[in-house]
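Architecture and fold: a report
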Amino acid sequence: MTSNPPLRTTTPTIDIYIKLAQYPILADRLRERMRQELFGRGIIERESFEQEVRELSIASQRREGLGDPYYEEDSQTWQLRMDRIRDMHTDALFADNFGSARLDALIEEVLNSRSSDPNMEAISFNPEIAPWEMLFQQGEIYERMSPSERERHAHHLEEIKVVLIKRLMSDQLPYIGVAKRVLTIRDLRQIYLSLIGTGKIGGKAAGIYLAWRILHDVDETFDNATINIPDSFFIGTDVIYEFFLMNKLEHHMNQKYRTVQEMRSEYPRIVEDFLAARLPDYVVTQVREVLASLGNSPVVVRSSSLLEDNFGYSFAGKYSSYICPNQGTPKENLTAVLDAIRRVYASTVNPEALRYRKKYGLIDYDERMAILLQRVTGRWNGDYFYPDVAGVGFSINPFCWTPEIRPDVGFLRVVTGLSTRAVERVDQDYPRLIPLSHPHLRTDSSVEGRRIYAQRIMAAIGRKQNSMTTIPVREGLEGNEHLLPLIATLDTGNDLLPFPEGHELTDSDHIVLTFDGLIEDPTFPDIMRESLDRLEKVYREPVDLEFAIEIEPGSAGPQDGRAVHNYRLYILECRPLNERRSQPRTPKELKEVMSDTSRRLFSMPTRRPAGTVEAIDYLVFVDPEVYYDIEDEARRQAIADAVTALNDLLPASRFGLIGPGRWGSANSRLSVPITFGDINNSGLLVEISPSYTPAPELAYGTDFFEDVIDAGIFVLGIQPAPQEGTMMDWDLLRQSPNRLSFYLPEATDLEDVLRVIDLQAVAGSSLKVVIDDEANEAIASFVSS
């Protein structure tokens, strides 16, 4: 990470006073040294200095209406007055003749003399109420000590770190427990100097910075790779209060107590109110300075609320972030960034975030929003700006599609271009899935499978559009000869061949993104594997990591002559993985009560990890055969609205959803257009893949899927076409009595496609689901015990 220009400065006239104010116990010693400099360099004689102090003291008495220092003021008060005037006169003369640079040198001398003194006692002050600079300077004293001396004062240094972390980053105890072991006073000072306004930098920013510091050790083990974070600036969490008050927006905060229908209908108007609001002048000024320091680099304005990326709650994708291309005039660029800040503030009351908070009992929490301003990682290739590689990684791998894959080693979803294509559910477009225990293994290694399960569209910033855009990968990669051999293969019709080094893409070339060259270079899987492993060990729980990579071609290798590439890995986000699933019985125990004579709803082969669901009393079934024939977009949206309503009406965690396509996708032609908040009370989600796809594709690693797993919702994929080891009781789903009109009388016109089934009434028991990872089988049966 490059050093950001400090946003916090002081004027020269008060600089010396502020510096000295941070050292209340050392101030007398420092001022005596300052006076020695004045006397020793002939600026003023000691006698003349004391005479001026006396005259200034008498003048201060007269301003207060006193005329005689001997009779109208007692000796103790007079001496106190003299001492204060002496200090002020020392500061003024020193500032006029030497300035703060010489004072810095004196401070350094005094601090070093104290830190090298074996008899030095801890400076006595209350860190909880101490000024910022006092904490930073005292912490730096401790960190400059020799290892043995630092050990003596380790408890004082830890206390100072904890106070600074709580003020700047997070008051969540699990986070503090990790951060105090990793961050230095220098790190904390750098964050403070990059902070606009007051308050904390929020959970997302805090997670990024902590992960970067944790990975310093990994960085040092690679000769041809570095680990960084983008240049970052922070708008503190207190600023949003000021924004609300100065624009009279506080009344919008009661949105969290409204119904989901009210939230969604009113949210567009709320966004308009926020866009029309003023930001504090000092924020505008300092954001302008940030943009000047970043030049014409694209900028991303990201949410960083107190609850985001928390130990316990991820809030993945719940708040907004906006990319600003920064390619216009300075005025246009500033306007775009300020509007993005307003939109992020508005997203604090967006319906998805509020429903997520309600799901986890956080609706009454004082959720404050910080803003993270970052340089976008990447570079220009023609008219498009993007990183060479981006994606999301997990330190554990629950999606082991072959027995060789180790679930404890980690897993990646990798794309070229901006990372949004890796974390969002997109239709008929696939990132490369990389199990880090065996990077070369694929879900389908056939030529046709590699064609189908490949990335076709990439996200980039368009220079002409001056916005983020999605484009075919061929268009975005044209002319990017250094990257193509790492991520692309040439499709000959019969085979996929490595893309030759130095080959220019021609009109007749057909490419498929396989990322085989990237995986062949051991640096990439090694640094990702070691990074995820290191993060999990320090966090003491599994993590996920969003990242971007810039790759520079290097010299030929000494052994085989192949190019050795240099990697710059940028951390974009890091958070603990949270899973709340409880398992009252193990899969083996539950399977034992599922006799062969038990009525089954479905069974299917699967590579998902072991797990169970014991009590599904209702099913909400969207019939894919009917749904895919619906041409009316409004009718498809009505189905989604009905699912949302049922989510609040049916008993939480005791109903399941079965329906077409990739749930969580925005394309209503391929799936019901819902978000996580629309199904967050369910206990089971079964995705029925379109019949033309060769296998169910579970989008592990997307924000939607993370939310589902985080909530303990059991997810499976099944194909409607009969195949070995797969069965589904379609008669039960299509012919059982439909209870939709009982729960939603206004939705009777949807009964042909949407069904609510009472399983106790139909089958006489709840539905139990078990995944047996030894037999690689998922079974759903009706069992009374």
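That block above? That's the structure.
Below is a summary of the structure that appears in this document.

Reading guide: rules and limits
- Residues numbered from 1 in each chain as written.
- Predicted model: local features only at pLDDT ≥ 70, side-chain atom pairs only at ≥ 80, totals over all residues.
- Heavy atoms only, no water.
- Helix = DSSP H or I, 4+ residues; strand = E, 2+ residues; numbered from the N terminus.
- Buried < 20%, exposed > 50% of the residue type's maximum accessible area, 1.4 Å probe, protein only.
- Contact = heavy atoms within 4.5 Å.
- Areas by Shrake-Rupley, 256 points an atom, 1.4 Å probe, with all protein chains shown as cover.
- Polar contact = N/O pair within 3.5 Å; in protein donor to acceptor, adjacent residues only side chain to side chain.
- Pairing = 2+ DSSP bridges.
- Phe/Tyr/Trp six-rings, centres within 6.5 Å; stacked < 30°, edge-to-face > 60°.
- Axes fitted to C-alpha atoms, helices over the stretch in contact; angles between N-to-C directions.
- Left-handed = near helix turned anticlockwise from the far one by under 90°.
- Nonpolar A, V, L, I, M, F, W, Y, C, P; charged D, E, K, R; others polar.

**Digging into the overall build of the protein chain**
- Assigned secondary structure in the protein chain consists of 30 helices and 28 strands.
- Here the protein chain holds 785 residues, and 57% of them are scored as buried.
- Considering only intrachain contacts with a sequence separation of at least 6, the fraction spanning at least 24 residues in the protein chain is 74%.
- Just so you have it, the protein chain exposes about 33,100 Å², and 50% of that area is on carbon and sulfur atoms.

**Concerning the side chain of Asn333**
- Along the chain, the position of Asn333 falls in helix 16 (residues 330-346).
- Given a relative accessible area of 11%, Asn333 falls into the buried group.
- Side-chain polar atoms of Asn333 contact the backbone nitrogen of Gln327, separated by 3.4 Å.
- Setting aside residues no more than four positions away along its own chain, Asn333 makes contact with Leu291, Asn326, Gln327 and Gly328.

**What to know about the pairing of strand 9 (residues 389-394)**
- Within strand 9, six of the six residues are buried, which leaves it mostly tucked inside the rest of the structure.
- Residues Val389, Gly391 and Gly393 line one face of strand 9 and the alternating positions Ala390, Val392 and Phe394 line the opposite face, and both faces are buried.
- For strand 9 and strand 17 (residues 543-552), the ladder comprises six bridges, and the chain directions are antiparallel. Among the inter-strand pairings, Val389 is bridged to a residue of strand 17, identified as Ile549.
- Pairing of strand 9 with strand 10 (residues 411-415) involves five bridges; the strand directions are antiparallel. The residue of strand 10 that forms the bridge with Ala390 is Val415.

**Comments concerning the packing of aromatic side chains**
- The tally for this structure, following the rule as stated, stands at 18 aromatic pairs.
- Pairing Tyr209 with Trp212 gives two aromatic rings, centres 5.3 Å apart and planes at 80°, and the pair type is edge-to-face. Here Tyr209 pairs with Trp212, and both are found in helix 11 (residues 203-214), just three residues apart, close to one helical turn.
- Residue classification places Trp212 among the buried positions, given a relative accessible area of 10%.
- On the basis of an interplanar angle of 40° and a centroid distance of 6.4 Å, the ring pair of Phe394 and Phe411 is categorised as tilted. In this pair, Phe394 sits in strand 9 while Phe411 sits in strand 10, placing the two residues 17 residues apart along the sequence.
- Residue Phe411 is classed as buried on the basis of its relative accessible area, which comes to 0%.

**Quick look at the packing of helix 6 (residues 132-143) against helix 8 (residues 154-168)**
- Taken N-terminus to C-terminus, the directions of helix 6 and helix 8 make an angle of 140°; their axes are 10 Å apart at the nearest point. As helix 6 packs across helix 8, the resulting crossing turns out to be left-handed. Contacts from Trp132, Leu135, Phe136, Gln138, Gly139, Tyr142 and Glu143 in helix 6 reach His156, Leu157, Ile160, Lys161, Val163, Leu164, Arg167 and Leu168 in helix 8.
- Of the residues assigned to the contact of helix 6 with helix 8, the class counts are nine nonpolar, three polar and three charged.

**Let's talk about the pairing of strand 28 (residues 777-782)**
- Burial analysis of strand 28 places five of its six residues in the buried class, the great majority of the element.
- Taken together, the six bridges between strand 19 (residues 599-605) and strand 28 define a ladder with antiparallel strand orientation. Bridge assignment links Pro605 to a residue of strand 28, and that residue is Glu777.
- One ladder, built from six bridges, connects strand 27 (residues 767-772) with strand 28; its direction is antiparallel. From the neighbouring strand, Lys768 faces strand 28, where its bridge partner is Ser781.

**Some details on the sheet that holds strand 24 (residues 714-718)**
- The sheet built from five strands is open, its strands ordered 24-23-22-21-26 with mixed pairing. In this open sheet, the two edge strands, each paired with only one partner strand, are strand 24 and strand 26 (754-758). Strand-to-strand twist in this sheet, taken as the mean axis angle between neighbours without regard to direction, amounts to 15°.
- Pairing of strand 22 (residues 655-660) with strand 23 (residues 684-688) involves five bridges; the strand directions are parallel. Within strand 23, the residue paired with Gly659 across the bridge is Glu687.
- The sheet strands contacting helix 26 (residues 633-649) are strand 21 (618-622), strand 22 and strand 26, and the helix crosses strand 26 at an angle near 25°.

**Looking at the sheet that holds strand 17**
- Strand order in the open sheet formed by six strands is 2-18-17-9-10-11, and the pairing between neighbours is mixed. With partners counted over all chains shown, the strands left at the sheet margins are strand 2 (225-228) and strand 11 (432-435), one partner each. Along the sheet, successive strands turn relative to each other by an average axial angle of 25°, direction set aside.
- Here helix 23 (residues 523-539) sits on the sheet and contacts strand 2, strand 9, strand 10, strand 11, strand 17 and strand 18 (566-576); the angle it forms with strand 17, its principal contact strand, is near 150°.

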